[in-house]
Amino acid sequence: MSAESPAAPGQFAHRRQQFRAWRGTRPFWAGLLVMIGGLPIMYFPYAHLKLGGLTIAMATTAGAGSLIIGVLLVVLGITLWFQKHVRTFAGVAAIMLGLVSLPVSNFGGFIVGFLLALFGGAMAVAWAPGAPPAEQSAEQDTTGEDGAPEATDYDTTLLRPVNPVGEPNDLSGTSPVNGANGRHSAG
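For the structure given in this document, a descriptive report is provided here. (Residues numbered from 1 in each chain as written. Predicted model: local features only at pLDDT ≥ 70, side-chain atom pairs only at ≥ 80, totals over all residues. Heavy atoms only, no water.)

Some points on the nonpolar core
No. 1: The biggest cluster of nonpolar side chains holds 13 residues, and the ones touching the most others in it are Val34, Ile69, Leu73, Leu76, Leu80, Ala94 and Leu97.
No. 2: Those elements that place two or more of their residues in this core are α2 (28-43), α3 (63-82), α4 (87-104) and α6 (112-126).
No. 3: Residues contacting Leu73, with those up to four places away along its chain left out, are Val34, Met35, Gly37, Gly38, Ile41, Ala94, Leu97 and Ala117.
No. 4: Membership of the second largest hydrophobic core comes to 5 residues, among which are Met35, Met42, Val74 and Trp81. (Core = buried A, V, L, I, M, F, W, Y, C linked by side-chain atoms within 4.5 Å. Buried < 20%, exposed > 50% of the residue type's maximum accessible area, 1.4 Å probe, protein only. Helix = DSSP H or I, 4+ residues; strand = E, 2+ residues; numbered from the N terminus. Contact = heavy atoms within 4.5 Å.)

Take a look at the structure:
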């Protein structure tokens, strides 16, 4: 695409909808939190902070362990995005790595990385795929008088009663008709 050629109308909105659909089929936010949680865990042990003229080295003897934990958390976050069927394993592993980072990596990246890994792992374990949209069954006969089609605008069509005439409108299931009478209900 050259600088002179305009973008196709609606292309940004179309790509955004595609990304939104992709994001909705996997534990996206859990993976993002786990990845972001890995960054402070692997950064702080190698950071050199400057306070005025004083340089504070945060390097610890467990710097390699911090790097490994941080890299594993980033990899687990990417795994949650692209391999959604291993979400339980990746979530539990992220929680365990977050807990291990407390003693190994400056209190888990000064608690920030620990909390992000913990919440992201919990979100990954709790995530469940949504039910696929059901196919719409064939609608009722839409031909009106004289074979003309009825209006399909459901907001303006006449409302039909939910229950047929003569059928009781009992939502609790404890009406005398079915013999329950509420005697055997728990509560």
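A short note on α4
No. 1: The end-to-end C-alpha separation of α4 is 25 Å, in line with the 26 Å expected for 18 residues at 1.5 Å each.
No. 2: Restricting attention to buried positions, one finds in α4 the residues Arg87, Ala90, Gly91, Ala93, Ala94, Leu97, Gly98 and Ser101. An end-on view of α4 places all buried positions within 165° of arc, on one side of the element. Summarising the geometry of α4, the exposed residues directed more than 90 degrees from the buried face are Phe89 and Pro103. (Expected span 1.5 Å × (residues − 1). Arc of directions from axis to C-beta.)

Considerations on the pairing of strand β1 (residues 48-51)
No. 1: In terms of strand pairing, β1 meets strand β2 (residues 54-57) through 4 bridges, oriented antiparallel. If you follow Leu49 over to β2, its bridge partner there is Ile56.
No. 2: The turn linking β1 back onto β2 is made up of 2 residues, and Gly52 within it adopts a positive phi angle of 65°. (Pairing = 2+ DSSP bridges.)

Topic: α2
No. 1: With 16 residues, α2 should reach 22 Å at 1.5 Å per residue; the first-to-last C-alpha distance of 23 Å fits that figure.
No. 2: Among the residues making up α2, those that are buried are Phe28, Ala30, Gly31, Val34, Met35, Gly37, Gly38, Pro40, Ile41 and Met42.
No. 3: Buried positions along α2 lie against α1 (11-23), α3, α4, α5 (106-110) and α6.

Function cannot be read off these values alone, since they describe shape.
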